[in-house]
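A look at the structure
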Amino acid sequence: MDAAFESAVAQCQAGNPWPFITGYLKVRTKDNQIVTFALNAVQDYARRQLTGVDYIIKPRQAGFSTLNLARAFAPAVCIPYFNAAAVTISTDEGKTRQRMFKTIATFIEQMEEKYQPKTRHMQDDFVEFENGSQLYVGTAGSRQFGRSDTIHFLMLSEIPHWQDAEAESVLTSSMESVPLGGTIICETTPGKLGSYAHGLWVDAKEGKSRFHPIFIPWFWHTEYALAEGDADALPRDRGPIDLADDERDIARLFPQDGIPVADRIRWRRLKRAERKEIFFSEYPEDEVSCWHVTLANVFSVKHIRQMMAGVLAPLRSAGDVIYWKEPNPSQSYVVCGDAAEGIVGRDYSAGVVLSVQSGEHVARIHGYLAPDAFARGCVDLAAAYNGAKLGFLMDARGRMCAQAAVSRLGYGNMYRHRDFDRRTEGPGNYGLPETHAHKAQMVAGLRQAVEDGEFRTYDKELLQELLEYQRFEGDKFGAPPGRHDDLVAAAMGAHQMRLVQPMKPAMQAGANQRVVAYPAGVL
């Protein structure tokens, strides 16, 4: 063995497999050529982000399965008694598993003979090397991982496309098999919104699991572009092209890497024509709308994607409050709060500030806030935004907040509700009722506003909740199990308050401000 090879092996044993992978492994390209493994741009980006326990959302055919199989293979060859396992979907008659193991076989067969590892056993899903290391490639459900197994490298491929029960079972058992310091990698295109895999991704984003989230959109891959005149482009797009509004929005996210915007848009148009709506899951553009929805989802995915392309970084934040736009003296605002108990790990308290004139969501309060603290936060927000009209969704905690805002904090510009179908005198009750009928009206109102462009948010968390929000059996609405809809509830309430507010800005709010009653039953 030469010194360079021995150095690559030593580096792999010390935790750096890349000299071995890029120096001694060969792969088969899409055009059936055998070449030395070289990292493409998105593979190299992922390599630099890896922590050891990672969840990668990636586009199709960008080389991530090959990358991670190489990460499993290299230490199995270089480190005695190293155990690696790769698990993939079980619903395609084993085709993906066979393709993955063929990649492993190519690594072995195409190494120079003097470097080629010796094997004791090799089947169509398993190889044992002479150094005692083992590498297994199987499908979800084909093998149970128990506490007696020790797996040093675990690869879970396309987990959103497993059955939820399979995903939970395999992940639970296999995580027990990987010792601390071992490697776990989930790499996949997105799947169904609300699935077990989707919840796993959201938990990773929120810091609620060991997984480190890595999101890679399709337009980071330099191969996904078609030049002017390319015969693979749609016939109408082979010459110069003009960009549509949604294309201009997504083009703002493209990297400045020398590839013309039009070339990426030509490729995008071709793939959208071929893959239809599934394009956004196979070739993700943002980490929220890439998860595909079902017929139960309430809000328009198309319009949410448009808002995702226009998301702004917060202007500033202070504790549980985030601001996207400062108060405009020429505009009036509404604030609606959905109060919770303030217990960590349960529901959040959420308040949304909307511009009456534009329908823009300009600020929010969101956190584990008890009713008293939440009431004060909402009053402070309302006062800051030109003495905004303030209302709460009127469950028991909402009533506590309204009482605190009026009696203890002295806020005068409170929203009152009165149904048109009731022949009652007086100004009505504080806040927005949460009966089944009123909730259905609020859902319909915000859904229409989203589709008409009468509501706009820059808040990724609210957009996530809008995508997840569903209609359940019995005409009930809410988030999938284990997820939240607090921001959606506050946004729906704020939109309904907005519908009945005058277009002129409010006067300065204060304890002595006269309470003006506007009926909410206009839906």
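Everything quoted here is computed from the prediction, not taken from an experiment.

1. A word on the overall build of the protein chain
- From N to C terminus, the protein chain includes 16 helices and 20 strands.
- Dimensions of the protein chain along its principal axes, counting C-alpha atoms only, are 90 × 60 × 40 Å.
- Looking at the protein chain as a whole, 53% of its 523 residues qualify as buried.
- Within the protein chain, contacts between residues at least 6 apart in sequence are counted, and of these 69% link residues at least 24 apart.

2. Here we look at the confidence of the model for the protein chain
- Per-residue pLDDT for the protein chain averages 88, and the proportion of residues at 70 or more is 91%.
- Note that pLDDT drops below 50 for residues 420-427; the model gives that stretch 9 contacts with residues more than four away or on any other chain.
- Every residue in residues 506-523 scores below 50 in pLDDT, and together they form 45 contacts with partners more than four places removed in sequence or on other chains.

3. What about the packing of helix H11 (residues 301-309) against helix H15 (residues 460-468)?
- At a minimum axis distance of 10 Å, the contact between H11 and H15 shows a crossing angle of 170 degrees. By the criterion of interaxial angle, the relationship of H11 to H15 is roughly antiparallel. Where H11 approaches H15, its residues Val301, Ile304, Met307 and Met308 are matched on the opposing element by Lys460, Leu463, Leu466 and Leu467.
- Among the residues making up the contact of H11 with H15, the classes are represented as 7 nonpolar, no polar and 1 charged.

4. A look at the pattern of salt bridges
- Inspection of the entire model under this criterion finds 34 salt bridges.
- The partner of Glu247 in a salt bridge is Arg269, with the nearest N and O atoms 2.7 Å apart. Taken together, the residues span a long stretch of sequence, with Glu247 in helix H8 (residues 245-251) and Arg269 in helix H9 (residues 261-275) at a distance of 22 residues. Exposure class is identical for Glu247 and Arg269. Each is buried.
- For Arg275, the salt bridge is made with Glu282, and the minimal N-O distance between the two is 2.7 Å.
- A relative accessible area of 12% means that Glu282 is categorised as buried.
- If you follow the salt bridges from partner to partner, you end up with Glu206, Lys208, Glu468 and Arg483 in one network.

5. Some details on the pairing of strand E3 (residues 53-57)
- For E3, the tally of buried residues reaches 5 of 5 residues, placing the bulk of the element in the interior.
- The pairing of E3 with strand E9 (residues 183-188) spans 5 bridges and is classified as parallel. In the sheet register, Tyr55 faces E9, and the bridge partner there is Cys186.
- One ladder, built from 4 bridges, connects E3 with strand E10 (residues 212-215); its direction is parallel. Residue pairing in the sheet places Ile57 in a bridge with Phe215 of E10.

6. Quick look at helix H3 (residues 41-49)
- Within H3, burial applies to Val42, Gln43 and Ala46. Each buried residue of H3 lies within a common arc of 100 degrees when the element is viewed along its axis, so the set occupies one face.
- Put simply, Asn40 is the residue that caps the front of H3, since its side-chain oxygen is 3.2 Å from the backbone nitrogen of Val42.

7. Looking at the nonpolar core
- Ranked by internal contacts, the top residues of the largest apolar core, which has 67 residues, are Tyr55, Trp162, Phe211, Phe299, Phe455 and Leu466.
- Other than its neighbours up to four places away in sequence, Tyr55 contacts Ile159, Pro160, Cys186, Thr188, Ala197, Leu200, Trp201, Phe211, His212, Pro213, Ile214 and Trp291.
- Residues Ala70, Met111, Tyr115 and Val137 belong to the second largest nonpolar core, which totals 45 residues.

8. Structural notes on the side chain of Ser133
- Residue position: Ser133 is located in the loop between strand E6 (126-129) and strand E7 (134-139).
- Of note is the side chain of Ser133, whose polar atom sits 2.9 Å from the backbone oxygen of Ala76.
- Of the polar contacts made by the side chain of Ser133, one reaches the backbone nitrogen of Phe82; its length is 2.9 Å.
- When sequence neighbours within four positions are dropped, the list of residues in contact with Ser133 reads Ala76, Ile79, Pro80, Tyr81, Phe82, Val127 and Glu128.

9. Quick word on the sheet that holds strand E16 (residues 389-392)
- Pairing within the open sheet is mixed, and its 6 strands lie in the order E11-E12-E15-E14-E13-E16. Of all strands in the sheet, those with a lone pairing partner are strand E11 (316-318) and E16, marking the two edges. Here the average twist between neighbouring strands, direction ignored, is 15 degrees.
- Sheet contacts for helix H16 (residues 486-499): strand E13 (333-338), strand E14 (349-355), strand E15 (361-367) and E16; angle to E14, the most-contacted strand, approximately 35 degrees.

10. Describing the environment of Gln331
- Note on placement: Gln331 falls in the loop between strand E12 (321-323) and E13.
- When its relative accessible area of 16% is taken as the criterion, Gln331 is described as buried.
- For the pair formed by Gln331 and Pro190, sequence separation is 141 residues and the distance between their alpha carbons is 40 Å.

11. Regarding the environment of Ala494
- You can see Ala494 is positioned in helix H16.
- Taking relative accessible area as the criterion, Ala494 reaches 0% and is therefore assigned buried.
- Not counting chain neighbours up to four residues away, the residues in contact with Ala494 comprise Val334, Cys336, Val352 and Leu354.

Each value, and the rule that gives it
Residues numbered from 1 in each chain as written. Predicted model: local features only at pLDDT ≥ 70, side-chain atom pairs only at ≥ 80, totals over all residues. Heavy atoms only, no water. Helix = DSSP H or I, 4+ residues; strand = E, 2+ residues; numbered from the N terminus. Buried < 20%, exposed > 50% of the residue type's maximum accessible area, 1.4 Å probe, protein only. Contact = heavy atoms within 4.5 Å. pLDDT = per-residue confidence, 0-100. Axes fitted to C-alpha atoms, helices over the stretch in contact; angles between N-to-C directions. Parallel < 35°, antiparallel > 145°, perpendicular 65-115°, else oblique. Nonpolar A, V, L, I, M, F, W, Y, C, P; charged D, E, K, R; others polar. Salt bridge = Lys/Arg side-chain N within 4 Å of Asp/Glu carboxyl O. Pairing = 2+ DSSP bridges. Arc of directions from axis to C-beta. Polar contact = N/O pair within 3.5 Å; in protein donor to acceptor, adjacent residues only side chain to side chain. Core = buried A, V, L, I, M, F, W, Y, C linked by side-chain atoms within 4.5 Å.

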